[in-house]
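These are the residues of each chain, in order.
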Amino acid sequence: MRPALNTVDLIVSDLGASIAFYARLGLDFTIDPHSPEHAGCDLPNGLHVMLDTEGFRTPFLPGWTAPDGGPRTLLCFEFDAPAEVDAKYAELVEAGHRGIAEPFDAFWGMRYATVADPDGGGVDLYATLPAS
């Protein structure tokens, strides 16, 4: 049997702040009516993204502690045009989110930038550069 990756679960310190951050990227989270510390979002490509507060998730992860240092995982969001990467990066930084890497033209043919979500997790923003 080959497993299928269909869900990503992010452990967050502030559910409301995380919902607001990801809403700026077009994700529409719904808080679970049975657990106000859990929210989910279904993406058009079939992936389900969950946000769980530390308090909700830690009882199921004995010994877990929040990581420190730089992000070890990056969520990557594709945009239709390079200018959209620049605009979204500026919007997020202006909203108070930490920029990790300002927009740049990567040698692999994409406009790329990275911001931190409210818990310091990396979020890449990218778009294919026009052919030269």
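Look above for the structure.
I will try to describe carefully the structure that is included in this document.

Rules and cut-offs
Residues numbered from 1 in each chain as written. Predicted model: local features only at pLDDT ≥ 70, side-chain atom pairs only at ≥ 80, totals over all residues. Heavy atoms only, no water. Helix = DSSP H or I, 4+ residues; strand = E, 2+ residues; numbered from the N terminus. Contact = heavy atoms within 4.5 Å. Lys, Arg positive; Asp, Glu negative; His and termini not counted. Charge placed at Lys NZ, Arg CZ, Asp CG, Glu CD. Salt bridge = Lys/Arg side-chain N within 4 Å of Asp/Glu carboxyl O. Buried < 20%, exposed > 50% of the residue type's maximum accessible area, 1.4 Å probe, protein only. Arc of directions from axis to C-beta. Polar contact = N/O pair within 3.5 Å; in protein donor to acceptor, adjacent residues only side chain to side chain.

## Points about the overall build of the protein
On a plain count of helices and strands, the protein comes out with three helices and eight strands. For the protein, the spread of C-alpha atoms along the principal axes amounts to about 50 × 40 × 25 Å. Across the protein, the fraction of contacts at a sequence separation of at least 24, relative to all contacts at a separation of at least 6, is 50%. For the protein, the distance from the average position of its 7 positive side-chain charges to the average position of its 20 negative side-chain charges is 5 Å.

## Some remarks on the pattern of salt bridges
Pairing between side chains becomes possible if they bear opposite charge and their charged atoms approach one another. Here the structure, examined in full by the defined rule, presents six salt bridges. Asp86 is paired through a salt bridge with Arg111; the nearest N and O atoms lie 2.8 Å apart. Of this pair, Asp86 sits in helix H3 (residues 82-94) while Arg111 sits in strand E7 (residues 110-116), placing them 25 residues apart in sequence. Residue Asp86 is classed as partly exposed on the basis of its relative accessible area, which comes to 30%. Within the structure, one salt-bridge network assembled from shared partners comprises Asp9, Asp52 and Arg57.

## Observations concerning the side chain of His97
One can find His97 in the loop between H3 and strand E6 (99-105). Look at His97 and you get buried, because its relative accessible area is 17%.

## Looking at helix H1 (residues 15-23)
Regarding H1, the residues found buried are Leu15, Ser18, Ile19, Phe21 and Tyr22. Looking down the long axis of H1, one finds its buried residues gathered within 165° of arc, a one-sided arrangement. Sitting at the amino-terminal end of H1 is Asp14, which places a side-chain oxygen 3.1 Å from the backbone nitrogen of Gly16.

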